[in-house]
Amino acid sequence: MPEFFLPGKPTHLCQQVETVKMFKKLQEKWGISGWRFFWVMCTFFFTGTTAAWVTAKITLWFNIEKWSVSFWILKLCILLIGYQILLLFFGAIFGQFRFFWKYEKKILRAVGILKKAPAYRIIIFASGAGSNAANLIQYFNHNSKKARKAQVTKIITNNPSAGVTEIAKNENIPIDIITKAQFENGSYLNDWIKNADLIVLAGFLWKCPEKMVKALPQKIINIHPALLPKYGGKGMYGSHVHEAVLANGELESGITIHFIDEHYDCGEIIFQAVVKIEKGETPQSLAEKIHHLEHAYYPPTVEKVIKKAKAKLNQ
Ligand code: GAR
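Being a predicted model, the structure only gives us computed values, none of them experimental. Positions within a chain are numbered from 1, following the residues in the order the chain's sequence is written. Per-residue local features are limited, in this predicted model, to residues with pLDDT of at least 70; the limit for side-chain atom pairs, both in listing and counting, is 80 or more; totals at the level of whole chains, interfaces and linings are taken over all residues. Remark: hydrogens and water are excluded; side-chain values derive from all non-hydrogen atoms of the structure.

1. Structural notes on the site of the ligand
Throughout this document, a residue counts as near a molecule or strand when at least one of its heavy atoms sits within 4 Å of that molecule or strand. Around the ligand, 14 residues are found, and the nearest of them are Gly130, Ser131, Asn132, Gly238 and Glu294. In protein, a polar contact means a hydrogen-donor-capable atom and an acceptor-capable atom, both N or O and within 3.5 Å, with residues adjacent in sequence counting only if both atoms are side-chain atoms; elsewhere, any N or O pair within 3.5 Å suffices. Within the backbone of Ala129, one N or O atom sits 3.3 Å away from an oxygen atom of the ligand. In this structure, a nitrogen atom belonging to the ligand sits 3.4 Å away from a main-chain N or O atom of Met236. Methods summary: accessible areas were calculated by the Shrake-Rupley approach with a probe of 1.4 Å, and residue burial reflects only the protein chains presented. Coverage of the ligand by the protein amounts to 91% of the 440 Å² it exposes when considered alone. Of the pockets mapped on this structure, the ligand occupies the second largest pocket. Detection works on a 1 Å grid of protein atoms alone, calling trapped sets that fit a 1.4 Å probe cavities and calling open sets with protein on both sides within 12 Å along at least five of seven lines pockets, with lining residues defined by an atom within 4 Å of a point. Placement in a cavity or pocket follows one criterion, namely that more than half of the molecule's atoms lie within 2 Å of its grid points.

Okay, structure coming up:
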């Protein structure tokens, strides 16, 4: 903020502005309303004050010398155990128990008292070359930190000669090759419901049957190589999309990542990115640009969906 806006004591005001900004950032990070933020802050205040009071009292009762080894051991115990219990206690009083229990669970998992949450299991469906599938596997399975949170555990294809079969073999990921009849009559549906937390379509060309969509609500994501709702629907896949976009003289195209519903290329849009169409653009050059966007944005968008779903489960 420019200095001339700050009459009186500039440093003092600047500090206040910074504190308000910090609080706003925290509130955004935790994703809670203003009132909830207030009660959370009250919990911290009462917990901190009570913890300090208890420490002082114990120091007095047991005649513990300040800054001695016993004093630091006491401080550590209060911080590691007493403070956490007090947080939950005051959190419950201010109606914020769930908020604090979420963080306590994280600590208990980190120190090995609670079992670590299992990794989210992603099943990829693909019909083609599989560059998106390979990219998703690289992003999740080859990064140990991310793999603890989510992993591609299976691949499904309808095409035995699809590039994705080779990828599955190289990555040692089980793959099922399914027929249209099996897909439509839901032979595999129970298996997917049991073994997938998220289904990610990466160039999969069949429309998901209604039964499947209903059984896995908000759990099937698709990527489409255009800016939906334009250039979607039956027959709109791969190069057909780019040809139609160019034939219509569009100035831009892009990618759409969306949840699946019972219709072709519909469902709630999660993310879109745009690319400019240059003079002399061909379906091949546009496809290349689109692939570039897909590889950059599909994995982090899937990761965000997983984070949101996990946060919802923990609420
Ligand atoms: C991707 O461009 C994807 O957007 C598209 O198929 C391509 C698959 O490429 N999907 C659709 O057209 C769905 N309607 P890949 O096999 O290299 O991942």
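Having seen the model, we can carry on.
2. Let's talk about the packing of aromatic side chains
Two rings from Phe, Tyr or Trp (for Trp, the six-membered ring) form a pair when their centres sit within 6.5 Å of each other. Planes less than 30 degrees apart are called stacked, planes more than 60 degrees apart edge-to-face, and all others tilted. What the rule picks out here adds up to 29 aromatic pairs. Between Phe125 and Phe204, the ring centres sit 5.2 Å apart and the planes meet at 90°, which makes this aromatic pair edge-to-face. You can see Phe125 sitting in strand S1 (residues 120-125) and its partner Phe204 sitting in the loop between strand S4 (198-201) and helix H10 (210-215), a full 79 residues away along the chain. Since its relative accessible area comes to 0%, Phe125 is described here as buried. Members of the aromatic cluster, connected to one another through ring pairs, are Trp35, Phe38, Trp39, Phe45, Phe46, Phe89, Phe90 and Phe94. Strands are runs of DSSP state E lasting at least 2 residues, helices are runs of H or I lasting at least 4, and numbering of each runs from the N terminus. Accessibility here uses a 1.4 Å probe with only protein chains present; expressed as a share of the type maximum, an area under 20% marks a residue as buried, one over 50% as exposed, and anything in between as partly exposed.

3. What to know about the nonpolar core
Think of a nonpolar core as a cluster: buried Ala, Val, Leu, Ile, Met, Phe, Trp, Tyr and Cys residues, connected wherever their side-chain atoms sit within 4.5 Å. If you look at the biggest cluster of nonpolar residues, it comprises 39 residues, and the most contacted ones within it are Ile122, Ile124, Leu136, Leu198, Tyr298 and Val302. Setting aside residues up to four positions removed in sequence, Ile124 forms contacts with Ala133, Leu136, Ile137, Val152, Lys154, Ile155, Ile156, Val200 and Ala202. Contacts between residues were defined by any pair of non-hydrogen atoms, one from each residue, lying within 4.5 Å.

4. Quick word on unusual backbone geometry
In this model, Leu228 is joined to Pro229 through a cis peptide bond whose omega is 15°. The phi torsion at Trp67 lies on the positive side, around 65°, for a residue other than glycine. With respect to the helices, strands and loops of the structure, Trp67 is situated in the loop between helix H2 (34-61) and helix H3 (69-93). Classification of Trp67 as exposed rests on a relative accessible area of 57%. The residue Asn172 is not glycine, and still its phi comes out positive at about 60°. With a relative accessible area of 69%, Asn172 lands in the exposed category.

5. Some thoughts on empty space enclosed by the protein
Unfilled space is identified by rolling a water-sized probe across the atoms. Grid points are joined across faces, edges and corners, and a volume is the space filled by probe spheres set on the points. Counted according to the given criterion, the structure contains 1 cavity of 30 Å³ or more. Together, Phe183, Glu184, Asn185, Gly186, Leu189, Trp192, Pro209, Lys211 and Met212 line the largest cavity. If you list the elements that add at least two residues to the lining of the largest cavity, you get helix H8 (180-185), helix H9 (189-195) and H10. For the lining of the largest cavity, the element with the most residues is H8, which contributes 3 residues. Under the scheme applied here, ten amino acids are nonpolar (Ala, Val, Leu, Ile, Met, Phe, Trp, Tyr, Cys and Pro), four are charged (Asp, Glu, Lys and Arg), and all others, including Gly, are polar. Its residues assigned to classes, the lining of the largest cavity comprises 5 nonpolar, 2 polar and 2 charged.

Geometric descriptors of this kind do not, in isolation, establish any biological role.
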